[in-house]
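# Structural overview
So you can see what is in the structure, the chains are spelled out below.
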Amino acid sequence: MAPAQVICGKAASAQIRERLKTQVAQMKERVPGFRPGLAILQVGDRDDSNTYISMKLKAAAEIGINANHIKLPNTATEAEVLRCITVLNEDPAVHGFIVQLPLDTDKPISTEKVTNAVAPEKDVDGLTSINAGKLSRGNLGDCFIPCTPKGCMELIRQTGIQIAGKKAVVIGRSKIVGTPMHDLLLWSHATVTTCHTKTEALAEEVSKADILVVAAGKPEMVKGEWIKPGAVVIDCGINHIPDSTKPNGKTVVGDVAYSAAKERASYITPVPGGVGPMTVAMLMQSTVESAQRFLEQSQPGKWSIQYNQLSLRTPVPSDIEVSRSCVPKCIGHLAREVGLLSEEVELYGQTKAKVLLSTLKRLKDQPDGKYVVVTGITPTPLGEGKSTTTIGLAQALGAHLNLNVFACVRQPSQGPTFGIKGGAAGGGYSQVIPMEEFNLHLTGDIHAITAANNLVAAAIDARMFHEQTQSDQALYTRLVPLISGVRKFSDIQIRRLQKLGIEKTDPGTLTDEERNKFVRLDIDPATITWQRVMDTNDRFLRKITIGQSPTEKGFTRTTQFDITVASEIMAVLALTDGLGDMRRRLGKMVVASSKKGEPVTTDDLGVTGALAVLMKDAVKPNLMQTLEGTPVFVHAGPFANIAHGNSSVLADKIALKLVGQEGFVVTEAGFGADIGMEKFFNIKCRYSGLRPHVVVLVATVRALKMHGGGPTVTAGVPLPKEYTEENLQLLKIGCSNLGKQIQNARTFGTPVVVAVNAFKSDTEAELQLVIQLAKEAGAYDAVKCTHWAEGGKGAVALAQAVQRASQEPSNFKFLYNVELPVVEKIRIIAQQIYGAEDIELSSEAEQKVLVYTKQGFGNLPICMAKTHLSLSHDPEKKGVPTGFILPIRDIRASVGAGFLYPLVGTMSTMPGLPTRPCFYDIDLDPVSEQVNGLF
């Protein structure tokens, strides 16, 4: 018979590569910027592995695959290898992933454990137990096949012979070649026998084979005379044997005696040039197939996220009952759904997690999504549902419109939770869950702020005490102590010297005058603006005397406690854009003035680094979820009067990257548009550099009736009939406040969508009147919302309006230039936002303007501290007051946070407890550990 035809693997692989190149080009054309990604993980530095990897990288580059070679040293531990695998598993840019074997390591590493750690959907080598199991069960369309057997099958098919019904023999039983080759032939309907080096009468078995695949690793083990005439022979072996005719003294042969076998077989693969090139080609083919699956299963930029189905009840149960009616997803699962890597997430149990700031660095090139701020009209003391609307809108955009969306909300203080107001997780079927976790402790951020704030307070009083009781020399000796016989300035002390203009680093070279300047902050007690804080409503801490112990030697002073969320550190947390920036802001916080009128900062106190350490975890946003499974960042909760009342810049920035260009981030601004929204634009957006696409203005019929002249609304007291019965005249008059707040929002050049938050006592005529008047006042759109009772379903119309409005051109602009004089900036806000005729500064406020301007703080933005219950300074003046003079009682500085805050009237920074606080109803079931009585 004629000699066998040679099956050339090089030619076949070249054809496959050309086909793959075309497929990759088509993928790129369909999805601009997309490239299939292959990762090759190598442990150690074996020469043969380096050669194989080089071949794979070259082939990938030729086809258009983005190949990444990750090389770990041979000292890498198993845990380090597994961590690296986890990162690659979670990288959405990696579609194929192989671990180069064998592992070249001097550490005990389980190859089985390592290969099985590769995600099955990326295991293009087909070596995981899951892929092997699917292959053995015949699920060939739902698994990856090891590359060498896959290449062998391709070569067999190229011969044109019919595999079905043929007798096939496979010599070798490794999981890389032999075993999967057996399965492939079997599921192609051949009758398969697996042999190995221990098989008796091996020659007899081989002689029966119509198809022979040899992968034994023994040079020329299969003799030519064993071959059945006309058989197809596939030789997978690569063996080196001595050959004196070769320059290197050896030659490469297969597992089959090629020359003799060629005389009997009909087709045969050469070694080299047969199976080898096909192995690399099949790796590339599997990578391209994986990339195609990725594109089919997930639209680029779209999350693969599962939303919860609500079981709505009428009437709507209590918030805590609703919260517990839905089982939250494991927070780690939600994190993966929204594109976070496991190394970017720190789990705090099953329902909350912190997200690392490294996420921003990874996503720096990702375009931002659409930015939406939720604000409201001037509210009643009951609030008008901004938080509920924020959550309802997010649920509608995500679960009902199938858009990527994040809600970003503030973390509530525990003071109101145990006092009178209750929580801030939203309400009804638009909540953040679990609400107990949301309202109690969360991940400890507020406690970290409490500790940091009170460390500053302790440092102030301790420093004054020590300066009053010690000489310059004693202070210097203790501030720069001898350690191992050497005095050395700490880094923060070097910064203080530089601030003083002392360019010295050797403690022994300071003059007496320089030592005096260095050790004495000389704080004027009357100028101290820094207070101690705690996260509990306690009216008896509003004014206290400290230093009454005999050990303080009579150095007493009057001070006070604020609630923690009023701390400047909370405002710093909310406005910072990273650890470095936070550390800088913490160091710039001014706590008092010296007796010479110079600002004294936390950096002067030497406490900046310690504050950064206390805040290093608090700076990471907290991940939670809504009832419907929409992701939520809960981060920072500054007061909306003496601070800016918005959640953190960092949460917004990370969320905007995660949602992608077509996604939405919905955040909330505290109080009415005249306060929270104005500060959101002029302070938060100024520092963050972010620009909003839409303002959602929440209005309620009851609040508008109040502005129309309705009776006083008091928390805990039933609403008067004016609010529970239809009254279109009262409502129409009150809509003047809505019109003014729409005008305020449009002043910043951003489209406004009015969300009319419907209550069961509202009539359809009342709701339609509000919608009509809102549009007439300049709103882009106005819609009725029932998200409290229906969840995201009740905010679909709002979500659609927001989506349309986000397409409108934005002409965003700030209200004022920070370079303007302090008084002029205050006047602009008062006249353009509040409607005041003018402002009037007290003598104390005028003096502060001079001091802060002199100290270099005159160019900071303005954060007005006034009542939220009226556009004016008088909470009794409803609607749209005019002709009033806005009194500025005092001006204070939050230099670290980055704003000046004028006080309009008296601002309480420590709430008190009512006669019957909420804590009467709160209890813990010791058996179930369930919190009861919480809202």
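Structural data are supplied above this passage.
Residues numbered from 1 in each chain as written. Predicted model: local features only at pLDDT ≥ 70, side-chain atom pairs only at ≥ 80, totals over all residues. Heavy atoms only, no water.

Let us look at the overall build of the chain. Regarding its fold elements, the chain presents 34 helices and 37 strands. Each of the three principal axes of the chain carries a C-alpha extent, and together these read 115 × 85 × 55 Å. Residue pairs in contact within the chain that sit at least 24 positions apart in sequence constitute 74% of those at least 6 positions apart. Accessible surface, the chain: about 38500 Å² in total, of which carbon and sulfur atoms supply 52%. The chain carries 100 positive and 95 negative side-chain charges, and their two centres are separated by 2 Å. (Helix = DSSP H or I, 4+ residues; strand = E, 2+ residues; numbered from the N terminus. Contact = heavy atoms within 4.5 Å. Areas by Shrake-Rupley, 256 points an atom, 1.4 Å probe, with all protein chains shown as cover. Lys, Arg positive; Asp, Glu negative; His and termini not counted. Charge placed at Lys NZ, Arg CZ, Asp CG, Glu CD.)

Turning our attention to the environment of Pro 149. With respect to the helices, strands and loops of the structure, Pro 149 is situated in helix H6 (residues 147–158). Classification of Pro 149 by relative accessible area gives buried; the value is 0%. Placed 592 residues apart in sequence, Pro 149 and Gln 741 show a C-alpha to C-alpha distance of 70 Å. With near-sequence residues (within four places) excluded, Pro 149 lies in contact with Ile 176, Val 177, Pro 180, Met 181 and Leu 184. (Buried < 20%, exposed > 50% of the residue type's maximum accessible area, 1.4 Å probe, protein only.)

Glancing now at helix H1 (residues 9–30). Over its 22 residues, H1 extends 31 Å from the first C-alpha to the last, a length consistent with the 32 Å expected when each residue adds 1.5 Å. Looking only at H1, the buried set comprises Gly 9, Ala 12, Ser 13, Ile 16, Arg 17, Leu 20, Val 24 and Met 27. Projection of H1 onto a plane perpendicular to its axis shows the buried side chains occupying an angular sector of 130°, all on one side. Within H1, the exposed residues directed more than 90 degrees away from the buried face are Gln 15, Gln 26 and Glu 29. Its buried side turned inward, H1 meets helix H2 (47–63), H6 and helix H10 (275–297). (Expected span 1.5 Å × (residues − 1). Arc of directions from axis to C-beta.)

To continue, consider unusual backbone geometry. The phi torsion of most residues other than glycine is negative, and most of the peptide bonds are trans. Between Leu 101 and Pro 102 the backbone carries a cis peptide bond, its omega angle lying at 0°. Looking at where Pro 102 falls in the secondary structure, it is placed in the loop between strand E4 (96–99) and helix H4 (111–117). With an omega dihedral of -5°, the bond running from Thr 314 to Pro 315 counts as a cis peptide bond. Locating Pro 315 in the fold gives a position in the loop between H10 and helix H11 (319–324). Located in the positive-phi region is Asp 522, a residue other than glycine, with phi close to 55°. In this fold, Asp 522 is placed in the loop between helix H20 (512–519) and strand E20 (532–534). For Asp 522, a relative accessible area of 31% gives the class partly exposed. With phi around 60°, Phe 671 is a residue other than glycine that occupies positive phi space. Along the polypeptide, Phe 671 turns up in the loop between strand E28 (664–668) and helix H26 (673–688). What makes Phe 671 partly exposed here is its relative accessible area of 23%.

Glancing now at the side chain of Thr 115. By the element assignment, Thr 115 lies in helix H4. With near-sequence residues (within four places) excluded, Thr 115 lies in contact with Leu 101, Thr 128 and Lys 175.

A word on the sheet that holds strand E8 (residues 232–235). Across the sheet, which stays open at both edges, the six strands sit in the order E1-E11-E8-E7-E5-E6 with parallel pairing between neighbours. Of all strands in the sheet, those bounded by a partner on one side alone are strand E1 (5–6) and strand E6 (191–195). In the sheet, E1 pairs with strand E11 (residues 267–268) via two bridges, with the strands oriented parallel. Pairing of Val 6 across the sheet is with Ile 268, part of E11. (Pairing = 2+ DSSP bridges.)

Among the nonpolar cores identified, the biggest contains 139 residues, and Phe 406, Phe 633, Leu 738, Val 754, Leu 886 and Ile 891 are the most heavily contacted of them. Element by element, the count of residues in this core is highest for helix H17 (residues 445–469), at nine residues. Beyond its immediate chain neighbours, meaning those up to four positions away, Ile 891 contacts Val 822, Ile 826, Leu 841, Ala 845, Lys 848, Val 849, Tyr 852, Leu 900, Tyr 901 and Pro 902. (Core = buried A, V, L, I, M, F, W, Y, C linked by side-chain atoms within 4.5 Å.)

Contact geometry for H17 and helix H24 (residues 608–615): axes closest at 9 Å, N-to-C directions at 170°. Here H17 is positioned roughly antiparallel relative to H24, judged by the angle of their axes. In this structure, the crossing between H17 and H24 has a hand that is right-handed. Across from Ala 448, Ile 449, Ala 451, Ala 452, Leu 455 and Val 456 in H17, the residues of H24 making contact are Ala 610, Leu 611, Leu 614 and Met 615. Partitioning the contact of H17 with H24 into residue classes produces ten nonpolar, no polar and no charged. (Axes fitted to C-alpha atoms, helices over the stretch in contact; angles between N-to-C directions. Parallel < 35°, antiparallel > 145°, perpendicular 65-115°, else oblique. Left-handed = near helix turned anticlockwise from the far one by under 90°. Nonpolar A, V, L, I, M, F, W, Y, C, P; charged D, E, K, R; others polar.)

Attention shifts here to the sheet that holds strand E2 (residues 37–43). As summarised here, the arrangement of the three strands in space is E3-E2-E4, forming an open sheet in which the pairing is parallel. Each having just a single partner strand, strand E3 (66–72) and E4 make up the two edges of the open sheet. Along the sheet, successive strands turn relative to each other by an average axial angle of 15°, direction set aside. As defined by bridge partners, E2 adjoins E3 across seven bridges and the pair is classed as parallel. Each residue of the ladder has a partner; that of Gly 37, found in E3, is Asn 66. The strands touched by H10 within the sheet are E2 and E4, with E2 carrying the most contacts at an inclination of about 130°.

Two packed helices can be described by the angle between their axes and the distance between those axes. Where H1 contacts H10, the two axes come as close as 9 Å, and the packing angle between them is 20°. Comparing their axes, H10 and H1 come out roughly parallel. Note that H1 runs across H10; the crossing there is left-handed. In this structure, H1 contributes Gly 9, Lys 10, Ala 12, Ser 13, Ile 16, Arg 17, Arg 19, Leu 20, Gln 23, Val 24, Met 27 and Arg 30 to the contact, and H10 contributes Pro 277, Met 278, Val 280, Ala 281, Met 282, Met 284, Gln 285, Val 288, Ala 291, Gln 292 and Leu 295. Of the residues contributing to the contact of H1 with H10, the split by class is 14 nonpolar, five polar and four charged.

Right, let's get into the side chain of Asp 674. As for its position among the elements, Asp 674 is in helix H26. At a separation of 3.0 Å, a polar atom in the side chain of Asp 674 contacts the side chain of Gln 741. Every residue in contact with Asp 674, bar those within four places of it in the chain, is listed here: Thr 378, Gln 741, Asn 744, Ile 833, Tyr 834, Lys 866, Ser 870 and Leu 871. (Polar contact = N/O pair within 3.5 Å; in protein donor to acceptor, adjacent residues only side chain to side chain.)

So, about the pairing of strand E17 (residues 430–433). In summary, the side chains of a regular strand alternate between the two faces of the sheet. Alternating positions in E17 separate into two faces, Ser 430 and Val 432 on one and Gln 431 and Ile 433 on the other, with burial throughout. Pairing between strand E16 (residues 426–427) and E17: two bridges, direction antiparallel. In the sheet register, Gly 426 faces E17, and the bridge partner there is Gln 431. Judged from the two bridges that link them, E17 and strand E26 (residues 622–626) form a sheet pairing that is antiparallel. Within E26, the residue paired with Ile 433 across the bridge is Gln 625.

On to the pattern of salt bridges, then. Counted according to the given criterion, the structure contains 42 salt bridges. Where Asp 890 meets Arg 892, a salt bridge forms, and the shortest distance between an N and an O atom there is 3.5 Å. Overlapping salt bridges, with partners in common, bring together Glu 346, Lys 616, Asp 617 and Lys 620 in one network. (Salt bridge = Lys/Arg side-chain N within 4 Å of Asp/Glu carboxyl O.)

It is worth spelling out the packing of aromatic side chains at this point. On inspection of all chains with the given rule, the structure shows 15 aromatic pairs. Measuring from ring centre to ring centre gives 5.9 Å for Tyr 476 and Phe 518, while their planes differ by 75°; the resulting arrangement is edge-to-face. In this pair, Tyr 476 is assigned in helix H18 (residues 472–479) and Phe 518 in helix H20, connecting sequence segments 42 residues apart. For the pair Tyr 476 and Phe 518, a shared accessibility class is recorded, and that class is buried. The interplanar angle of 65° and the centroid separation of 5.4 Å between the aromatic rings of Phe 680 and Phe 681 together place this pair among those described as edge-to-face. Assigned by exposure class, Phe 680 and Phe 681 land together as buried. (Phe/Tyr/Trp six-rings, centres within 6.5 Å; stacked < 30°, edge-to-face > 60°.)

Our next topic: the environment of Asp 874. Considering the arrangement of structural elements, one finds Asp 874 in the loop between helix H34 (843–854) and strand E33 (885–888). What makes Asp 874 partly exposed here is its relative accessible area of 25%. Taking the C-alpha atoms as reference points, Asp 874 and Phe 884, ten residues apart in sequence, are found 9.7 Å from one another.

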